[in-house]
Amino acid sequence: MKDIQNICTSIEVNDQKMSNPVAPIIVQTSSFRFENYQHYLDVNCGKEEMYSYTRDGNPTTAILEEKIAALEGGEKARAFASGMGAISATIFSLLKQGDHVIVVNTVYTSSVKVIQSLKKFGIESSVIHVNETQEIFDYVNEQTKMIYFESPSSQKFEMLDLKQISNFARKRNIYTVIDNTWSTPLFQNPLNHGIDVVIHSCSKYIGGHSDIVGGIVVANKEIVKTIDEYGAVLLGASLSPHDAWLAIRGLRTLPIRMKSQQETIIKVLDCLKNDSRIKKIYHPYIQQKELASTYLNGYSSLFGMVLDNATPQIIERFVNHLHVLSLAYSWGGFESLILPAFKGNNEEEMKKRGLDLGHFRVYLGLEDSNLLINDILSALDYAYEGEEI
Ligand code: PLP
């Protein structure tokens, strides 16, 4: 008689037949069996190590963590269910009541918002705008415990001097935390310049296919242990094994994608930089070349662009006439995407961030560069038809 219950529920795998898969195995389980009661005791008393529950750790997720730690030159990494999960876990784990945190206001907007929200837990923040790195230090006080920043930053892709920040902060026991998503671990390694914590949104280049949301933190063992124990296990935004597996798949093509996208951005910016309809381009290939050559091993393909004399009508005509670039949030996948900074009701916020009405964030994907150039130029022709420039 067939043991229907057993056939349906057992998961034994014939190891010999499945010895060497080319792609990693997805260990898509929430829980792991203990061998017996003694084993359960040994694991809980720390005598033996074992994956026991996926929120706390998972073998597939561990593959991703090891790879990103190695690429960043860090001791350890911890993956999260989103970039924001990684950012929140880091700040909630490393800061406590009475602390002060400095955030450079050109970072991803939600990062500013979560840092400002710390006020209700008695943590003060200064959201600052700086032109030069050393201006950051004017905002430091006795309580300052963290400097949070991006370099290149979101929207304007401005660079800060990482060594200057880390030298200053280390002497004062201030954590330095950088969101390195723009550069990927291939184009910039901030830990090598003394920065304490590196964060990536894996939803962008690392995932690479616009099909996952994930995040990761890299730092030394001690810092990651703190972020792991509080920010991951207790706050709970751990990455799912399936999404970890998709991020590992993304990593396999990351070097070749970044190489191709670097070629595309240079070609496109060379073509756009002298166009009279474009008032300004923000990208390290165009601005702050000295800092770029000190810290970047390559140029990624996300940039800012300001249309000259932009009106809401010009913005609308430009965006609606793009056929290769799509109007959508996010970046880092195959498809080229564009996002106007002006959302209809955010002029005040734009002013605070120093953004012009005609500011766009543009992501160049893996399409042919000539196709992208033609698309942008023909949309500009359409948007400015009959306008004096
Ligand atoms: N950091 C940067 C620079 C981003 O652009 C984003 C999202 O767009 C995030 C962090 C947040 O990542 P996620 O959307 O994975 O939470």
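Not measured: the values here are computed from a predicted model.

## Details of the overall build of the chain
Looking only at helices and strands, the chain has 13 helices and 12 strands in total. Computed over its C-alpha atoms, the radius of gyration of the chain comes to 23 Å, within 12% of the 21 Å expected for a compact globule of 389 residues. Each of the three principal axes of the chain carries a C-alpha extent, and together these read 85 × 60 × 35 Å. By sequence separation, contacts in the chain at least 24 residues apart represent 73% of the contacts at least 6 residues apart. Accessible surface for the chain amounts to roughly 19,200 Å². Of this, 49% is attributable to carbon and sulfur atoms.

## Considerations on the pattern of salt bridges
Counting across every chain of the model gives 12 salt bridges. With a closest N to O distance of 3.8 Å, Lys-351 and Glu-348 form a salt bridge. Of this pair, Lys-351 and Glu-348 both sit in helix α12 (residues 347–352), three residues apart, roughly one helical turn. Since its relative accessible area comes to 62%, Lys-351 is described here as exposed.

## Section: the sheet that holds strand β10 (residues 326–327)
The sheet built from five strands is open, its strands ordered β8-β9-β12-β11-β10 with mixed pairing. Each end of this open sheet is capped by a strand with a single partner; those strands are β8 (278–282) and β10. When β10 meets strand β11 (residues 337–340), the two strands line up parallel, connected through two bridges. Note that in β11 the partner of Ser-326 across the bridge is Leu-337.

## Details of the site of the ligand
Near the ligand, the surroundings consist of 14 residues, among which Gly-83, Asp-179, Ser-201, Ser-203 and Lys-204 are the closest. Between the ligand and Met-84, the relevant distance is 2.8 Å, taken from an oxygen atom to a main-chain nitrogen or oxygen of the residue. With the chains in place, 89% of the 390 Å² that the ligand exposes on its own is no longer accessible. In terms of residue count, helix α4 (residues 83–94) provides more of the shell around the ligand than any other element does, three residues in total. Class assignment of the residues belonging to the shell around the ligand gives a composition of four nonpolar, seven polar and three charged.

## Looking at the domain arrangement of the chain
What the domain assignment lists for the chain is domain 1 (24–249) and domain 2 (254–383). For domain 1 versus domain 2, the separation of C-alpha centres amounts to 27 Å. In this assembly, 34 residues from domain 1 lie in contact with 36 residues from domain 2. Buried area between domain 1 and domain 2, both sides added, is near 3,100 Å², and the carbon and sulfur share of it is 58%. When the buried area of domain 1 at its contact with domain 2 is split by residue, Gln-155, Phe-187 and Tyr-205 rank highest and sum to 28% of it. Taken together, the links from domain 1 to domain 2 amount to zero salt bridges. Secondary structure elements with two or more residues in the side of domain 1 that touches domain 2: α5 (109–116), α6 (162–171) and α7 (184–187). Broken down by element, the side of domain 1 that touches domain 2 gets its largest block of residues, four residues, from α7. Of the residues belonging to the side of domain 1 that touches domain 2, the class tally is 13 nonpolar, 16 polar and five charged.

## Focus: the layout of surface pockets
Estimates place the volume of the largest pocket at around 810 Å³. Elements that contribute at least two residues to the lining of the largest pocket include exactly α3 (59–72), β1 (76–80) and α8 (221–232). The residue makeup of the lining of the largest pocket, split by class, is nine nonpolar, four polar and 12 charged. In this structure, the second largest pocket encloses a volume near 460 Å³. As for the second largest pocket, its lining consists of 19 residues, and the residues nearest its centre are Tyr-108, Thr-109, Gln-155, Tyr-329 and Lys-343. Among the elements of the structure, α5, β11 and α12 are those that each provide at least two residues to the lining of the second largest pocket. Here the element with the most residues in the lining of the second largest pocket is α5; it accounts for three residues. The residue inventory of the lining of the second largest pocket, partitioned by class, reads seven nonpolar, six polar and six charged. In this structure, the lining of the second largest pocket is formed jointly by two domains, domain 1 (24–249) and domain 2 (254–383), each of which donates at least three residues.

## Describing the nonpolar core
Judged by nonpolar contacts, the single largest core of 83 residues is most densely connected at Leu-64, Ile-136, Phe-149, Phe-303, Leu-307 and Phe-318. At 11 residues, the largest contribution of residues to this core is made by helix α9 (residues 241–272). Domain assignment of the residues forming this core places at least three in each of domain 1 (24–249) and domain 2 (254–383). Those residues in contact with Phe-149 that sit more than four places away from it in its chain are Val-104, Val-107, Leu-160, Leu-162, Ile-165, Val-177, Ile-178, Asp-179 and Ile-195. Listed in part, the 26 residues of the second largest apolar core include Ala-86, Leu-94, Val-114 and Ala-219.

## Points about helix α13 (residues 369–383)
With 15 residues, α13 extends 21 Å from end C-alpha to end C-alpha; this agrees with the ideal 21 Å at 1.5 Å per step. Three or more residues of α13 are buried, namely Ser-369, Leu-372, Ile-373, Asp-375, Ile-376, Ala-379, Leu-380 and Ala-383. Projection of α13 onto a plane perpendicular to its axis shows the buried side chains occupying an angular sector of 160 degrees, all on one side. For α13, the secondary structure elements touched by its buried residues are α9, β8, β9 (302–307) and α11 (312–320).

Criteria and thresholds
Residues numbered from 1 in each chain as written. Predicted model: local features only at pLDDT ≥ 70, side-chain atom pairs only at ≥ 80, totals over all residues. Heavy atoms only, no water. Helix = DSSP H or I, 4+ residues; strand = E, 2+ residues; numbered from the N terminus. Rg over C-alpha atoms; globule rule 2.2 N^0.38 Å. Contact = heavy atoms within 4.5 Å. Areas by Shrake-Rupley, 256 points an atom, 1.4 Å probe, with all protein chains shown as cover. Salt bridge = Lys/Arg side-chain N within 4 Å of Asp/Glu carboxyl O. Buried < 20%, exposed > 50% of the residue type's maximum accessible area, 1.4 Å probe, protein only. Pairing = 2+ DSSP bridges. Near = heavy atom within 4 Å. Polar contact = N/O pair within 3.5 Å; in protein donor to acceptor, adjacent residues only side chain to side chain. Nonpolar A, V, L, I, M, F, W, Y, C, P; charged D, E, K, R; others polar. Domains from an automatic or database assignment. Buried area = accessible area lost by both parts, 1.4 Å probe. 1 Å grid on protein atoms, 1.4 Å probe; cavity = no way out; pocket = protein on both sides within 12 Å on 5 of 7 lines; lining within 4 Å. Points joined across faces, edges and corners; volume = space filled by probe spheres on them. Core = buried A, V, L, I, M, F, W, Y, C linked by side-chain atoms within 4.5 Å. Expected span 1.5 Å × (residues − 1). Arc of directions from axis to C-beta.

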